[in-house]
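Close look at the chain arrangement
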Amino acid sequence: MNLAQIAELAAQRKLPPVANWHPEKAGDSEMRIAADGRWYHQGGEITRPAMVRAFSSLLRCEADGSHWLVTPQEKLRIEIEDAPFLAVELASEGNGESRSLAFRLNSDDLVVAGPDHPIQLRGDLALPYVLARDGLWARIARNPYYEMAELALAEGNEPPGLWSLGQFFPIAEAQ
C-alpha cells in the first residue's frame, strides 16, 4: 500500500462519537494499559486483538488528562501508564519536505503524521509520540523510531528530524 491509500483507510475508519456522549453514570473499568501497550482487566491480560480494538475505539481523554471508556450509557475510568497507544510500524514515502510518514498503531489504527497528527518529544526522556486522535497519544516504539532516526540522519537536518505532510518534526533534542 502506498501512503495515499493508507491515509484514505485512516480517514475511512468510523469511530464511535465518544466526544458527543456525556453519560451521568461513571465508574472504574478495572482496566489498565501498560507502558508496553498491553491491555489488562482485573490483573489479567486481554489477549484478543479484536477486544483491544473494540475497547480502544471507546477511549476518550478529558481536559484534566484522565482517560475513560465511554458509551452512551456510562463512562468508566481506565488507567494509562504511559500512552494509550503504541506506534509499532512506520511507512515512509518521499524525501525531505515531500515526505509522508504513516504509523500503524498496536490497535491497528493508521495515523499519518502532519498538522493534525503531530510528532512530539515528551517527558523527561524526550521520547517521541504521535497524536493518534483527540488528545490520545501513541508512543513511537523502538523499531519505527530507529527507522526515523536513520532517515533523519541521512537527510542531515539539524536538529535531527523529518518532514511529513509539509510539517517538520524534530525527533531528537538539539545538541
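Treat the numbers as computed from the prediction; the structure is a model and nothing was measured.

1. Overview of the pairing of strand S5 (residues 67-70)
- Of the two faces of S5, both are covered, the one formed by His-67 and Leu-69 as well as the one formed by Trp-68 and Val-70.
- Hairpin geometry of strand S4 (residues 59-61) and S5 is characterised by an intervening segment of 5 residues between the two adjacent antiparallel strands and by a positive phi of about 90° at Gly-65.
- Connecting the antiparallel pair S5 and strand S6 (residues 74-80) is a turn made up of 3 residues.

2. Focus on the pairing of strand S13 (residues 161-164)
- Relative to strand S14 (residues 167-170), S13 runs antiparallel, the two being bridged by 4 bridges. Note on S14: the bridge partner recorded for Leu-162 is Phe-169.
- In sequence, S13 turns back onto S14 through a hairpin of 2 residues, with Leu-165 there showing a positive phi of about 50°.

3. A look at the sheet that holds S6
- Here 6 strands make up an open sheet; going across it, the order is S3-S2-S1-S6-S5-S4 and the pairing mixed. Each having just a single partner strand, strand S3 (44-45) and S4 make up the two edges of the open sheet.
- Bridge count between strand S1 (residues 25-33) and strand S2 (residues 39-41): 3 bridges; the pairing is antiparallel. In the strand pairing of S2, Met-31 is matched with His-41.

4. A closer look at the environment of Ser-56
- Along the chain, Ser-56 turns up in helix H2 (residues 49-56).
- Classification of Ser-56 as buried rests on a relative accessible area of 1%.
- Sequence-wise, Ser-56 and Leu-69 are 13 residues apart; in three dimensions their C-alpha atoms are separated by 8.0 Å.
- If near-sequence neighbours (up to four positions away) are discounted, Ser-56 is found in contact with Trp-39, Phe-85, Ser-107, Asp-109 and Arg-133.

5. Let's talk about the sheet that holds strand S9 (residues 110-112)
- Pairing is mixed across the open sheet formed by 6 strands, whose spatial order is S9-S8-S7-S12-S11-S10. What marks the edges here is a single partner per strand, and that holds for S9 and strand S10 (119-122). Shown here is a sheet whose adjacent strand axes are inclined to one another by a mean of 40°, direction ignored.
- Bridge analysis of strand S8 (residues 100-105) against S9 gives 3 bridges, and the strand direction is antiparallel. When the sheet's bridge partners are listed, Arg-104 is paired in S9 with Leu-110.
- Most of the contacts of helix H3 (residues 142-155) go to strand S7 (residues 85-93), to which it runs at about 35°, and overall it touches S7, S8, S10, strand S11 (127-133) and strand S12 (136-140).

6. Remarks on the pattern of salt bridges
- Evaluated as defined, the whole model comprises 12 salt bridges.
- Note that Arg-32 is salt-bridged to Glu-81, the shortest N-O span being 2.6 Å. Taken together, the residues span a long stretch of sequence, with Arg-32 in strand S1 and Glu-81 in the loop between S6 and S7 at a distance of 49 residues.
- The exposure class assigned to Glu-81 is partly exposed, which follows from its relative accessible area of 43%.
- Its salt-bridge partner being Arg-139, residue Asp-82 comes within 2.8 Å of it at the nearest N-O pair.

7. Digging into H3
- With 14 residues, H3 should reach 20 Å at 1.5 Å per residue; the first-to-last C-alpha distance of 20 Å fits that figure.
- When H3 is considered as a whole, its buried residues turn out to be Pro-144, Met-148, Ala-149 and Ala-152. The buried residues of H3 occupy an angular sector of 140° when projected down its axis, which confines them to one face. Seen from the buried face of H3, the exposed residues on the opposite side, beyond 90 degrees, are Arg-142, Asn-143, Glu-150, Leu-153 and Ala-154.
- Buried residues along H3 sit in contact with S7, S8, S10, S12 and S13.
- Looking one or two residues beyond H3, the residue adopting positive phi is Gly-156, at roughly 75°.

Conventions adopted
- Residues numbered from 1 in each chain as written.
- Predicted model: local features only at pLDDT ≥ 70, side-chain atom pairs only at ≥ 80, totals over all residues.
- Heavy atoms only, no water.
- Buried < 20%, exposed > 50% of the residue type's maximum accessible area, 1.4 Å probe, protein only.
- Helix = DSSP H or I, 4+ residues; strand = E, 2+ residues; numbered from the N terminus.
- Pairing = 2+ DSSP bridges.
- Contact = heavy atoms within 4.5 Å.
- Axes fitted to C-alpha atoms, helices over the stretch in contact; angles between N-to-C directions.
- Salt bridge = Lys/Arg side-chain N within 4 Å of Asp/Glu carboxyl O.
- Expected span 1.5 Å × (residues − 1).
- Arc of directions from axis to C-beta.

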